[in-house]
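Structural overview
Chain by chain, the residues:
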Amino acid sequence: MAATTYNVTTSASGVNKIWRKVQGELGVGFGFDVPEYDTMGSLKDYKIDISAREITVPLDINEGAGIASIDEGALEAVPSSPNVEELTLNYVLFSGRFTASVTAQLLDTYQRAAELKRQMVYQGQKKLQDLARHWGDYFYGLSTGVLCQTSTAATQVSGTYTLTNGYGQSSISNAALIADKFKVGDRVALIRSSALVTNAIGTVTAVTPATPSIAITWNGSVTSMANDNVVKANSMENTTLVGTDFNRGMTGLIDMSLTASVHNLSSGSVPNWSAAYSKTTSGRFSSTEFIRGKQEIAFQGGGKADRIIMAPGVYRDAIALQGGVLRFNDPLALEMDADLKTNGVKLFQSKRAPSSWVFMYDSNSIRKLDIMPKPDAPTWGDAVRLIDNSGYVVPISLLTQLVCLNRKNLAYWSGQTES
């Protein structure tokens, strides 16, 4: 006589429907902080009325001449006075948007208990993160909006493009840094000789930091060439140069350091409109270079250097350089954690700082146009009702610009050794 068999009732399947689905709080799985964006509030405002027509700033920058040493009763010096120069300022408008359905708005308003996190709050925070990252990247860059170049020469509708020369500079070669300028879903464009390459607006479908490279699906067949410039093109305009960020970047630190014409004034015609000191030969950033930068800013710009931005790799190598000359009382108790003492110059570090570069400046000479404060997280009151679809579009905008008032209060180093 055989006994019947039975199975153990499991909570995972046999009586699983008596259990609730439980979720924890929304976790943050990545570091989204953008310290450059956070410093916007600490930048001094340049107080001026903002005009959509023209904003000019008279600038006392030219040195005079014509002092004579004369005999008693002789003819006096030829009279002369230098003219002032003039800056022309502009501003850029950063735009981000997201959509949400009418259903989401009603549920968020009347049935909020079911939300893990309020949908409007979550979507708004994510878009503000995007805006902050965009500002942080442009803080270092060029008014042209160029983020890098590609070395890929090909004719294709879609493909992978190797990225080189961060911000168009051969000295900026860190693969992860360059690739970080783009995210899947970003729209980008290729610019050659200040013109849009035919059909070259497309969507990034993959990012490979190690290469670095991005995969792009274009509007049509695109013939790329080595050293084509890569810019963002996230506007709804999808076919012309107007739909790209070309010539819509901020006047960033590299612009202030390298570009001849900044704020429509050229160092070619006004020699004093240039950085106080630069070193572009490879080498280790040392205390001697630090002191040289402070001296040149004081001697030429008349300012006091109070900010220094170092690429993380340069900072590590500077620690190694300084640490190599230290002597220890107790060789069995060596400190692993070290820092650089910069004597009143605030040291700023960020993963976005261009590789192998160091910037030093007097913060009184780099300001922001007081156009619009950093936007707050949006609410449903900011949402715009769509006409035909059951939904809303929520805009986030920032009107902004950096202003350099004295380029002689800026020094920079590129090609510095990294560890």
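The structure reproduced in this document is the subject of the present report. The structure displayed is predicted, hence computed values, not measured ones. Here the residue numbering is sequential within each chain, running from 1 through the sequence in written order. Local features in a predicted model are, by the rule used here, given only for residues with pLDDT of at least 70; side-chain atom pairs are given and counted only at 80 or more, and totals for whole chains, interfaces and linings are based on all residues. Side-chain numbers come from the whole structure's heavy atoms, not from hydrogens or water.

**Structural notes on the overall build of the protein chain**
The numbering of helices and of strands both runs from the N terminus, where a helix is a DSSP run of H or I of at least 4 residues and a strand a run of E of at least 2. Counting secondary structure elements, the protein chain contains seven helices and 21 strands. Note that the radius of gyration is over C-alpha atoms, with the globule rule given as 2.2 Å times the number of residues to the power 0.38. For 419 residues, the compact-globule estimate of 2.2 N^0.38 gives 22 Å, and the protein chain exceeds it by more than 25% at 28 Å. Its C-alpha atoms give the protein chain principal-axis dimensions of about 140 × 70 × 50 Å. Evaluated residue by residue, the protein chain yields a buried proportion of 42% over its 419 residues. For every residue, the accessible area obtained with a 1.4 Å probe (protein chains only) is divided by the maximum for its type, and the residue is called buried under 20%, exposed over 50%, and partly exposed between those limits.

**Quick word on the sheet that holds strand 14 (residues 307-310)**
If DSSP finds at least two bridges between two strands, the strands pair. Spatially, 13-21-16-14-15 is the arrangement adopted by the five strands of the open sheet, whose pairing is mixed. Of all the strands in the sheet, the pair left with one neighbour each is strand 13 (277-279) and strand 15 (346-349). Within the sheet, the average angular offset between the axes of one strand and its neighbour, ignoring direction, is 15°. Sheet topology places strand 13 next to strand 21 (residues 410-413); three bridges connect them, and they run parallel. In the strand pairing of strand 21, Lys279 is matched with Trp413. Axes here refer to lines fitted to C-alpha atoms; in helices the fit is confined to the stretch in contact. Angles between the N-to-C directions go from 0 to 180 degrees.

**Regarding the pairing of strand 21**
The side-chain alternation of strand 21 yields two buried faces, one formed by Leu410 and Tyr412 and the other by Ala411 and Trp413. Inspection of the sheet shows strand 16 (residues 358-361) paired to strand 21 by four bridges, in the antiparallel sense. Bridging across to strand 21, Val358 finds its partner in Trp413.

**Topic: the sheet that holds strand 1 (residues 45-46)**
Read from one edge to the other, the open sheet built from three strands follows the order 1-17-20, with strand pairing classed as mixed. Looking along the sheet, the strands with just one partner apiece sit at the ends: strand 1 and strand 20 (402-404). Here strand 17 (residues 366-369) runs beside strand 20; their pairing, made up of three bridges, is antiparallel. Of the residues in strand 20, the one forming a bridge with Ile366 is Cys404.

**Looking at the environment of Pro373**
Among the structural elements, Pro373 can be located in the loop between strand 17 and strand 18 (384-385). For Pro373, a relative accessible area of 64% puts it in the exposed group. In the structure, Pro373 is positioned 333 residues away from Met40 in sequence and 9.1 Å away in space, judged by C-alpha atoms.

**Some thoughts on unusual backbone geometry**
Omega for the bond connecting Thr211 with Pro212 falls within 30 degrees of zero, at -15°, which places this linkage in the cis form. Tracing the sequence through the fold places Pro212 in the loop between strand 8 (195-208) and strand 9 (213-224). Backbone geometry places His263, a non-glycine residue, at a positive phi of 55°. With respect to the element layout, His263 can be found in the loop between strand 11 (261-262) and strand 12 (265-266). Under the relative-accessibility criterion, His263 is labelled buried at 7%. Its identity is not glycine, yet Asn264 carries a phi of approximately 65°, on the positive side. Among the secondary structure elements, Asn264 is positioned in the loop between strand 11 and strand 12. Taking the relative accessible area as the measure of exposure, Asn264 reaches 57% and is therefore exposed.

**Considering the side chain of Asp362**
Mapped onto the elements, Asp362 comes out in the loop between strand 16 and strand 17. For Asp362, which is buried and forms no salt bridge, the nearest opposite charge comes from Lys44, at a distance of 6.5 Å. A polar side-chain atom of Asp362 sits 2.9 Å from the main-chain amide nitrogen of Asn364. In this tally, Lys and Arg are treated as positive and Asp and Glu as negative; His is ignored, and so are the chain termini. Any carboxyl oxygen of Asp or Glu that lies within 4 Å of a side-chain nitrogen of Lys or Arg is treated as forming a salt bridge with it. Definition of a polar contact: a pair of N or O atoms within 3.5 Å, with one able to donate and the other able to accept a hydrogen when the atoms are protein atoms, and with sequence-neighbouring residues admitted only if both atoms are side-chain atoms.

**A few points about the packing of aromatic side chains**
Pairing of aromatic side chains requires ring centres within 6.5 Å, counting the rings of Phe and Tyr and the six-membered ring of Trp. Pairs whose planes differ by under 30 degrees are stacked, by over 60 edge-to-face, and all others tilted. The tally for this structure, following the rule as stated, stands at eleven aromatic pairs. Geometrically, the ring pair formed by Trp357 and Tyr412 is stacked, given 5.5 Å between the ring centres and 15° between the ring planes. Of this pair, Trp357 sits in the loop between strand 15 and strand 16 while Tyr412 sits in strand 21, placing them 55 residues apart in sequence. On the accessibility criterion, Trp357 (2% relative accessible area) is buried. For Tyr412, a relative accessible area of 7% gives the class buried. Chaining the aromatic ring pairs together yields one cluster made of Tyr37, Trp135, Phe139, Tyr140, Trp357, Phe359 and Tyr412. In this scheme, the term charge over a ring applies when either NZ of a lysine or CZ of an arginine sits within 6 Å of the ring centre and within 35 degrees of the ring normal. In this structure, Lys374 packs its charged tip against the face of Tyr37, placed 4.7 Å from the ring centre.

**Re the nonpolar core**
Trp135, Phe139, Tyr140 and Ile309 are the most contacted members of the largest nonpolar core, which totals 66 residues. Top element by residues in this core is helix 3 (residues 119-140). It accounts for eight residues. When neighbours within four sequence positions are excluded, Trp135 is seen to be in contact with Glu36, Tyr37, Met40, Leu43, Phe94, Met250, Leu398, Thr400 and Leu402. By size, the runner-up hydrophobic cluster in this structure holds 17 residues, among which are Ala276, Ala318, Val345 and Ala411. Among buried residues, those of type Ala, Val, Leu, Ile, Met, Phe, Trp, Tyr and Cys that are joined through side-chain atoms within 4.5 Å constitute a nonpolar core. In what follows, a contact means two residues having at least one pair of non-hydrogen atoms within 4.5 Å.

By themselves, these figures tell us nothing about what the structure is for.
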